[in-house]
Amino acid sequence: MFKQFLNNLRLVFLGTKLCVLIPAIPLAILGQCYGFMTRQWIFALSLLGLAPLAERMSFLTEQIAYFTGPTVGGLLNATCGNATELILALFALRERKILVLKYSLLGSVLSNLLLVLGSSLFLGGLANLKMEQTFDRKQADVNSLLLLLGLLCHVLPLIFGTSIEPQLLDDMDQNSVVWLSRTSGILMLVAYGAYLFFQLRTHRQFFEAEGEDEDELSENEAVIGFWSAFIWLVAMTIIVAILSEYVVGTIEAASDSWKISVSFISLILLPIVGNAAEHAGSVIFALKNKLDITLGVALGSATQISMFVVPVSVIVAWTMGIPMDLDFGLLETSCLGFSIILTAFTLQDGNSHYIKGVVLCLSYAVIAACFFFHKMPASESLYQR
């Protein structure tokens, strides 16, 4: 049993190149408990520690999926694939930092659509200059449709709120926006459930290429037992919850110390670190000219956050008595809309080359620059909207 424990310990903690960031985890916890670090250093170490934890949680979920069959395994991957973002969102809700929550979820979608997918297409195109890079459009079309539906659910509360003159806007109108958002959130979850049924049951052939390629690159048997993987997954979830609490609690201190707006930290830095593992995996598959898997990683994650994590946050806020809505603001919603449309146009012809990746990456850089110069009015604005 001791040898098995050591073997599992090696596989869980040393089975990723991100293991070099694992020492940041105990340093952040000790710094918070004993107070020998400033709050901005606790924020930085907690943020770095979340990167390997997110990748390892994905690995453990895949190990459990070996024992549950393809349908349940696919459902597990679909619901736990962005567990880090969901946990971080829940802690932001508990602190009632609604804008931090909205910016972090929006940033995760933008990061997957533009940065992860863009860098994958760019590097994959350079590595395969003499080869034609093609992919199955069916998967991209389905994800694009869901992302557009999610965009509609963000646009309508925004238009509803701005269509009324500010001096005429009363509590009833504000409550109407919240109730519209809650209704939209429920419908988004219904759409995501239909998407899972479509993906795992009725039209699995649309996504079979992804599964076959992954089987070629990984072993056909689990390397960790079911209960070992389950216990490690629970432990990782607890650590992620601890670090997420630190990140949410120290984000203003980091912003004040580094002279960087909270909007930039929440929308750019948090998602880049949280999506580091997905980013690396997506690029590796693109370099091997396996774009179907790249699209499955980037678009699948963006769809999951937009259609699952966001509405779940709205519903959980409802149960907590917090009036969270889907109005992310005019600037933020515009960035989301242009990103979805740009990605859909990029993938419409079923082939890829490096210039498409360049355009997506530069689009992400423009959005990052916009929010770098976008200053939030005051720290209390984090608790509003």
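Residues numbered from 1 in each chain as written. Predicted model: local features only at pLDDT ≥ 70, side-chain atom pairs only at ≥ 80, totals over all residues. Heavy atoms only, no water.

To keep it simple, the criterion reads: UniProt positions are given in the numbering used here, feature names are shortened, and annotations may be inferred rather than shown by experiment.
Within an unreviewed UniProt entry, the label attached to the chain reads Vacuolar cation/proton exchanger, and the organism entered is Coffea canephora. Taken directly from UniProt, the Subcellular location (unreviewed entry) text for the chain runs: "Vacuole membrane". Its UniProt record gives the chain the following Sequence similarities (unreviewed entry) comment, quoted word for word: "Belongs to the Ca(2+):cation antiporter (CaCA) (TC 2.A.19) family. Cation/proton exchanger (CAX) subfamily."

1. A look at a nonpolar patch on the surface
Put simply, the rule reads: Each patch groups residues whose relative accessible area exceeds 30% and which form no salt bridge, using 9 Å between like charges and 5 Å between nonpolar side chains of Val, Leu, Ile, Met, Phe, Trp and Tyr. In this description, accessible areas are obtained by the Shrake-Rupley approach with a 1.4 Å probe, and a residue is regarded as covered only by the protein chains that are shown. What makes a salt bridge here is a side-chain nitrogen of Lys or Arg within 4 Å of a carboxyl oxygen of Asp or Glu, nothing more. Where helices and strands are cited, they refer to DSSP runs of H or I of at least four residues and of E of at least two residues respectively, numbered from the N terminus.
Taken together, the side chains of Leu 123, Leu 126, Leu 129, Leu 287, Tyr 354, Ile 355 and Val 359 present a nonpolar region at the surface, about 590 Å² in accessible area. Where the nonpolar patch is concerned, the elements lending two or more residues are α5 (98-127) and α14 (354-372). In terms of residues, the nonpolar patch owes the most to one element, α14, which gives three residues.

2. As for the nonpolar core
Definition in use: Residues enter a nonpolar core if they are buried and are Ala, Val, Leu, Ile, Met, Phe, Trp, Tyr or Cys, with the set joined through side-chain atoms within 4.5 Å. Remark: exposure states derive from per-residue accessible area (1.4 Å probe, protein chains only) relative to the maximum for the residue type, with buried under 20%, exposed over 50%, and partly exposed in between. Should any heavy atoms of two residues lie within 4.5 Å, those residues are counted as being in contact.
Phe 43, Leu 60, Leu 110, Leu 113, Leu 117 and Leu 267 are the most contacted members of the largest nonpolar core, which has 100 residues in total. Ranked by residue count, the leading element in this core is α5, at 15 residues. The contacts of Leu 60, once residues within four sequence positions are left out, are Val 12, Ile 224, Ala 229, Trp 232, Leu 233 and Met 236.

3. Looking at the pattern of salt bridges
A full pass over the atoms with the stated rule returns six salt bridges. Note that Glu 245 and Arg 94 form a salt bridge whose closest N and O atoms lie 2.7 Å from each other. In this pair, Glu 245 is assigned in helix α9 (residues 226-258) and Arg 94 in helix α4 (residues 83-94), connecting sequence segments 151 residues apart. Note that Lys 138 and Asp 136 form a salt bridge whose closest N and O atoms lie 3.7 Å from each other. Judged by relative accessible area, which is 40%, Lys 138 ranks as partly exposed. On the basis of relative accessibility, which here comes to 26%, the residue Asp 136 falls in the partly exposed class. Through salt bridges with shared partners, a single network forms among Arg 94, Glu 95 and Glu 245.

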